[in-house]
Amino acid sequence: MALINIDGDPWLTELDACENLSNDIQSQLAARNRENQLSREYGVLSGTVRVRLKQLGSELEQLQRKLGLISNTLTAGETERRQRRIEALQSKLIQLQRQFTYVEPEATRTALFESDSRADEDDEPALIPSHSSYTVGDLRSQQIRILEDQNQGLEALSQVIARQKVLATRIGGEVDRHNDILDDLAQTMETTDGRINRETRQIDTITTQDSTWGYWTVIGLLFVAIVITGIL
């Protein structure tokens with residue numbers, strides 16, 4: 001369910017900005033994948049996407065911290081919905097990082113490693129055209145960055161899972177507290193019901209006694225009248 005930005009909520013505005021940034025990154029990745037991996041355009045787009053991925057990760061961390069600061073002003077349901085939106089963007093960030101580090105197709109990846117192994121011997125890789133500005137060092141640096149990005153993605157995924165575990169634990173605690181409250185309420189209602197029944201029985205007893213006393217009074221008066229009449 002999408003959240004509605006009511007009265008210009010700054011937090012929701014930043015969330016929308018993060019979503020727009022993730023969509024821009026997705027578009028740039030698609031444009032990069034249409035370029036030759038050894039072309040200048042591919043390198044420029046890769047650099048731009050790398051910077052924006054770090055920007056998106058930083059902004060999501062800031063959103064997470066700000067949500068913790070304002071959570072006491074929100075309902076539990078609203079806080080949970082916002083947390084889910086953040087986690088959805090964090091999951092998308094991980095997917096974008098994987099797309100960024102993906103080197104298409106498998107044959108190209110194999111040829112690249114073979115080129116690096118031959119470069120150790122003659123320092124003239126066959127896969128790098130003479131007109132390309134890329135060197136063996138550039139390719140090795142790119143491989144190192146790919147591994148670093150993968151590690152960052154795994155770390156981000158681990159943090160998301162840890163937060164989900166904490167959230168599930170909190171929800172479980174809330175459910176337990178609500179169950180305790182319901183048990184106390186049921187016990188209180190049972191006690192109150194017993195008191196009401198006792199009071200009702202006492203009222204019935206008093207009412208019955210009052211009715212019987214009136215009858216006996218009438219009978220006594222009639223008896224006295226009969227006696228007096230007999231004497232006269």
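Just so it is clear, the structure is predicted and the values come from calculations on it, not from any experiment. (Residues numbered from 1 in each chain as written. Predicted model: local features only at pLDDT ≥ 70, side-chain atom pairs only at ≥ 80, totals over all residues. Heavy atoms only, no water.)

Draft legend 1. Region of the structure containing the overall build of the protein chain. Looking only at helices and strands, the protein chain features 5 helices and 0 strands. Put simply, the protein chain runs from its N terminus to its C terminus through helices and strands in the order α-α-α-α-α. Counting the 232 residues in the protein chain, one finds 25% classified as buried. Taking the contacts inside the protein chain whose residues are at least 6 apart along the sequence as the reference set, 69% of them involve residues at least 24 apart. As displayed, the protein chain offers around 16,200 Å² of accessible surface, 57% of which is attributable to carbon and sulfur atoms. (Helix = DSSP H or I, 4+ residues; strand = E, 2+ residues; numbered from the N terminus. Buried < 20%, exposed > 50% of the residue type's maximum accessible area, 1.4 Å probe, protein only. Contact = heavy atoms within 4.5 Å. Areas by Shrake-Rupley, 256 points an atom, 1.4 Å probe, with all protein chains shown as cover.)

Draft legend 2. Local environment of the pattern of salt bridges. A full pass over the atoms with the stated rule returns 8 salt bridges. Arg81 is paired through a salt bridge with Glu78; the nearest N and O atoms lie 2.9 Å apart. With Arg81 and Glu78 both in helix H3 (residues 76–101) and 3 residues apart, the pair spans about one turn of that helix. Judged by its relative accessible area of 16%, Glu78 falls in the buried class. Among the ionic pairs, Glu78 bridges to Arg82, the shortest N-O distance being 2.9 Å. With Glu78 and Arg82 both in helix H3 and 4 residues apart, the pair spans about one turn of that helix. (Salt bridge = Lys/Arg side-chain N within 4 Å of Asp/Glu carboxyl O.)

Draft legend 3. Up close: the packing of helix H1 (residues 10–33) against H3. For the pair H1 and H3, the least separation of the axes is 11 Å and the interaxial angle reads 20 degrees. Compared by their axis directions, H1 and H3 come out roughly parallel. Handedness of the crossing formed by H1 with H3: left-handed. For the pair H1 and H3, the contacting residues are Trp11, Leu12, Leu15, Asp16, Cys18, Glu19, Ser22, Asn23, Ile25, Gln26, Leu29 and Arg32 in the first and Arg82, Arg85, Ile86, Leu89, Lys92, Leu96, Gln99 and Phe100 in the second. (Axes fitted to C-alpha atoms, helices over the stretch in contact; angles between N-to-C directions. Parallel < 35°, antiparallel > 145°, perpendicular 65-115°, else oblique. Left-handed = near helix turned anticlockwise from the far one by under 90°.)

Draft legend 4. Quick look at the environment of Glu59. With respect to the helices, strands and loops of the structure, Glu59 is situated in helix H2 (residues 40–70). Take Glu59: its relative accessible area is 23%, and that puts it in the partly exposed class. Linking Glu59 and Glu14, residues 45 residues apart in sequence, is a C-alpha distance of 8.2 Å. Setting aside its immediate chain neighbours within four residues, Glu59 contacts Cys18 and Leu21.

Draft legend 5. The layout of surface pockets, seen in detail. Taken as a whole, the largest pocket encloses approximately 560 Å³ of empty space. At the level of elements, H2, H3 and helix H5 (136–231) are the ones that each hand at least two residues to the lining of the largest pocket. Looking at the lining of the largest pocket, the element that brings in the most residues is H5, giving 9 residues. Of the residues assigned to the lining of the largest pocket, the class counts are 7 nonpolar, 7 polar and 5 charged. (1 Å grid on protein atoms, 1.4 Å probe; cavity = no way out; pocket = protein on both sides within 12 Å on 5 of 7 lines; lining within 4 Å. Points joined across faces, edges and corners; volume = space filled by probe spheres on them. Nonpolar A, V, L, I, M, F, W, Y, C, P; charged D, E, K, R; others polar.)

Draft legend 6. Molecular detail of the packing of H1 against H2. It is the contact of H1 with H2, at a shortest axis distance of 9 Å, that shows an interaxial angle of 160 degrees. Comparing their axes, H2 and H1 come out roughly antiparallel. Crossing of H1 over H2 shows left-handed handedness. In the contact of H1 with H2, the residues fall into 16 nonpolar, 5 polar and 6 charged.

Draft legend 7. Main features of a nonpolar patch on the surface. A cluster of nonpolar side chains, contributed by Phe223, Val224, Val227, Ile228 and Ile231, occupies part of the molecular surface with about 500 Å² of accessible area. Residue position: Val227 is located in helix H5. Val227 sits in the partly exposed class, given a relative accessible area of 36%. (Patch = residues over 30% accessible without salt bridge, like charges linked within 9 Å, V, L, I, M, F, W, Y side chains within 5 Å.)

Scope: geometric values only; no functional claims are made or implied.
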